[in-house]
Amino acid sequence: MRSMVRVVWGAIGVCLWLAGCGTVPERNPLPQSNANAASIPGLPEEARFWGDEAPEFLLDRLRTASKEDLKTHLPSWFNGQHHYLAVSGGGQNGAFGAGLINGWTASGTRPEFLIVTGISTGALIAPFAFLGPEYDAQLREVYTTLETEDLLETRGWTVIATSDAAVDTEKLRAIIDRYMNDDMLREMAQAYRQGRRLFIGTTNLDARRPVIWNITAIAASDYPEKQKLIVDVLLASASIPGAFPPVLIRVNANGTWYDEMHVDGGTVSQVFVYPTSLDLGAILEKVEVTAPPKIYVIRNAQLVPEWKPVDANIFEIAATSIDSLIRTQGLGDLYQIYFLTQRDGGEYYLAYIPDDFDLASDEPFDPEYMNALYDRAYELAKDGYPWDRLPPGANVTIE
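Residues numbered from 1 in each chain as written. Predicted model: local features only at pLDDT ≥ 70, side-chain atom pairs only at ≥ 80, totals over all residues. Heavy atoms only, no water.

Trainee: Help me understand the overall build of the chain, please; the structure alone is not making it clear to me.
Mentor: Helix and strand counts for the chain stand at 15 helices and eleven strands. The burial tally for the chain puts 54% of its 399 residues in the buried class. Across the chain, every contact between residues at least 6 apart in sequence was considered, and the portion connecting residues at least 24 apart equals 79%. Summed over its atoms, the accessible surface of the chain is roughly 18,000 Å², and 53% of this surface lies on carbon and sulfur atoms. (Helix = DSSP H or I, 4+ residues; strand = E, 2+ residues; numbered from the N terminus. Buried < 20%, exposed > 50% of the residue type's maximum accessible area, 1.4 Å probe, protein only. Contact = heavy atoms within 4.5 Å. Areas by Shrake-Rupley, 256 points an atom, 1.4 Å probe, with all protein chains shown as cover.)

So this is what it looks like as structure tokens:
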């Protein structure tokens, strides 16, 4: 992430030097007045919802559905055990999450997750983690064999000055498209019918709000372009603004077609489980779950800030400041999830990159760095990962 932030600010510098950047291709943005009327025809209502408020369709279902109806539509919710996994952003540091998940499989203690959520690089990990150990090999391949030139193509400075991003992501799109095949969609649809859910977060940049996409509902739908839409969502979730091009998603409101601009979910949150306004405790009571839900959070970053002298130039100062803001936002998200688990009777488990992992990387996706990080996480997890039960610093007491 740090190296990508510097790419963005270098591009901005060139744009300023060339007397102004251009704009993205002509678009028809959704007006605010139609925000709540916008939909993608052919998708079920639950396919997407705002990430900062409880979805009304779910509240209505819980208020009106009988226990028999819930057992029919959400059978996995009645199994007595709820395991949730939230995977954060972090660019190439996603190798940590990939190694941990695969090492978890090797330990023999990895559960089946009822809900998996992902943002940014976590969005690329989440489908493999959701579908289970049979996808461990693909997950390892993504985070140990690919490098920057396999994923991205840097645009020329004159192109950057009149475009929407510093790099082209068509290679990354092709890789996501290759993995997100018919078999994966079929398995996701089957999981959906069992009541399991895969949620991916993006940011609607026009609205400055998070959007949560129910990938499993999309996979189970009859929407004819569902595979492309899922690829779009995964790519959007990983599209760092300024570095990667935004993804435009067509929607219809009151008979008129518009587009929404979606970018990296990490723009508004580094990791999420469910909206804070959702009363999970009431839901668990409704589906007769008595055991505390176990909420596992993988933060693909180190929590201790790096001490590094900053060059006294505008771009280095700005890039380092943004890097610091991302770190602080991530810490806030960890605390928010912890307080949610306490409020709703859950158990909190946190994993993050060890403070003593000090291998440096000077490019966005460095295979030597990612392999070392993957191996470190795998070794930690295969022997039983030492999950933190509190957010960082929360165990400090004053005598």
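Structure's up, so let's keep going.
Trainee: For this particular structure, what's the right way to read the nonpolar core?
Mentor: Considering soluble globular proteins, one finds that nonpolar side chains tend to be buried as a cluster. Membership of the largest hydrophobic core comes to 79 residues, with the highest contact counts inside it found for Leu85, Phe96, Leu100, Trp213, Ile215, Leu229 and Trp387. It is helix α5 (residues 121–131) that provides the largest number of residues to this core, a total of eight residues. Setting aside residues no more than four positions away along its own chain, Phe96 makes contact with Ile298, Arg299, Asn300, Ala351, Tyr352, Ile353, Pro354, Leu373, Ala377 and Tyr385. Core analysis: the second largest hydrophobic core is formed by 38 residues, Leu62, Ile212, Val287 and Val289 among them. (Core = buried A, V, L, I, M, F, W, Y, C linked by side-chain atoms within 4.5 Å.)

Trainee: How should I be thinking about the packing of aromatic side chains in this particular structure?
Mentor: When we look at a pair of aromatic rings, we describe it by the centre distance and by the angle of the planes. Here the structure, examined in full by the defined rule, presents 16 aromatic pairs. Ring geometry for Tyr349 versus Trp387: centroids 6.5 Å apart, planes at 85°, classification edge-to-face. With Tyr349 in strand β11 (residues 347–352) and Trp387 in the segment after α15 (367–382), this residue pair connects regions lying 38 residues apart in the sequence. Taken as a pair, Tyr349 and Trp387 share a single burial class, namely buried. Connected via pairs of aromatic rings, a cluster forms that spans Trp104, Phe113, Tyr296, Tyr349, Tyr385 and Trp387. One Lys or Arg, Arg209, reaches over the ring of Trp50 and ends 4.0 Å from the middle of that ring. Above the plane of the ring of Trp257 lies Arg250, whose end atom (NZ or CZ) is 4.4 Å from the centre. (Phe/Tyr/Trp six-rings, centres within 6.5 Å; stacked < 30°, edge-to-face > 60°. Lys NZ or Arg CZ within 6 Å of the ring centre and 35° of its normal.)

Trainee: Even after reading the chapter, I still don't get the confidence of the model for the chain, so can you show me in this structure?
Mentor: Residues shown with low pLDDT carry predicted positions that ought not to be read at fine detail. When pLDDT is averaged across the chain, the result is 85; 83% of the residues are at 70 or more. Put simply, helix α1 (residues 2–17) is where the chain has its lowest mean pLDDT, 47, and helix α4 (residues 94–107) is where it has its highest, 98. Counting contacts from residues 7–24, a segment whose pLDDT is below 50, to residues more than four positions away or on other chains yields 29 contacts. (pLDDT = per-residue confidence, 0-100.)

Trainee: How do you make sense of α5 when you look at a structure like this?
Mentor: An α-helix turns once every 3.6 residues. As a result, residues three or four positions apart point the same way. The element α5 is largely enclosed, with a buried count of eleven among its eleven residues. Regarding α5, the residues found buried are Thr121, Gly122, Ala123, Leu124, Ile125, Ala126, Pro127, Phe128, Ala129, Phe130 and Leu131. Trailing α5 by a residue or two, Gly132 shows a phi angle of about 105°, which is positive.

Trainee: Mind showing me how you'd approach the pattern of salt bridges here?
Mentor: In this structure the tally under the stated criterion is 16 salt bridges. Asp52 is the partner of Arg209 in a salt bridge, and the nearest nitrogen-oxygen pair spans 2.7 Å. Of this pair, Arg209 sits in strand β7 (residues 209–214) while Asp52 is found in the loop between β1 (48–50) and α2 (56–64), placing the two residues 157 residues apart along the sequence. Given the relative accessible area of 38%, Asp52 is considered partly exposed. Residue Glu379 is joined to Lys382 by a salt bridge in which the shortest nitrogen-to-oxygen separation is 3.5 Å. Taken together, the residues Glu379 and Lys382, both in helix α15 and three residues apart, mark about one turn of the helix. With relative accessibility at 41%, the residue Glu379 sits in the partly exposed group. A relative accessible area of 31% places Lys382 in the partly exposed class. (Salt bridge = Lys/Arg side-chain N within 4 Å of Asp/Glu carboxyl O.)

Trainee: Got a minute to help me understand the environment of Glu260 in this structure?
Mentor: Considering the arrangement of structural elements, one finds Glu260 in strand β9 (residues 256–264). Note on Glu260: relative accessible area 4%, which makes it buried. Expressed as a C-alpha distance, the spacing of Glu260 and Asn28, which sit 232 residues apart in the sequence, is 8.4 Å. Apart from residues lying up to four places away in sequence, Glu260 is in contact with Arg27, Leu30, Ala38, Arg48, Asn204, Asp206, Val247, Leu248, Ile249 and Val251. In terms of polar contacts, Glu260 uses its side chain to reach the side chain of His262, at 2.8 Å. (Polar contact = N/O pair within 3.5 Å; in protein donor to acceptor, adjacent residues only side chain to side chain.)

Trainee: So what exactly am I meant to see when it comes to the pairing of strand β2 (residues 83–87) here?
Mentor: A large share of β2 lies buried, amounting to five of its five residues. Neither face of β2 is left uncovered, since the one carrying His83, Leu85 and Val87 and the one carrying Tyr84 and Ala86 both have all their residues buried. Relative to strand β10 (residues 294–299), β2 runs parallel, the two sharing five bridges. Paired with His83 across the strands is Lys294, a residue of β10. Sheet topology note: the β2/strand β3 (residues 115–119) ladder contains four bridges and is parallel. Bridge assignment links Ala86 to a residue of β3, and that residue is Thr117. After leaving β2, the chain enters α4 and then returns to the sheet as β3, a path that is right-handed. (Pairing = 2+ DSSP bridges. Right-handed = clockwise from strand over helix to strand, strands pointing away.)

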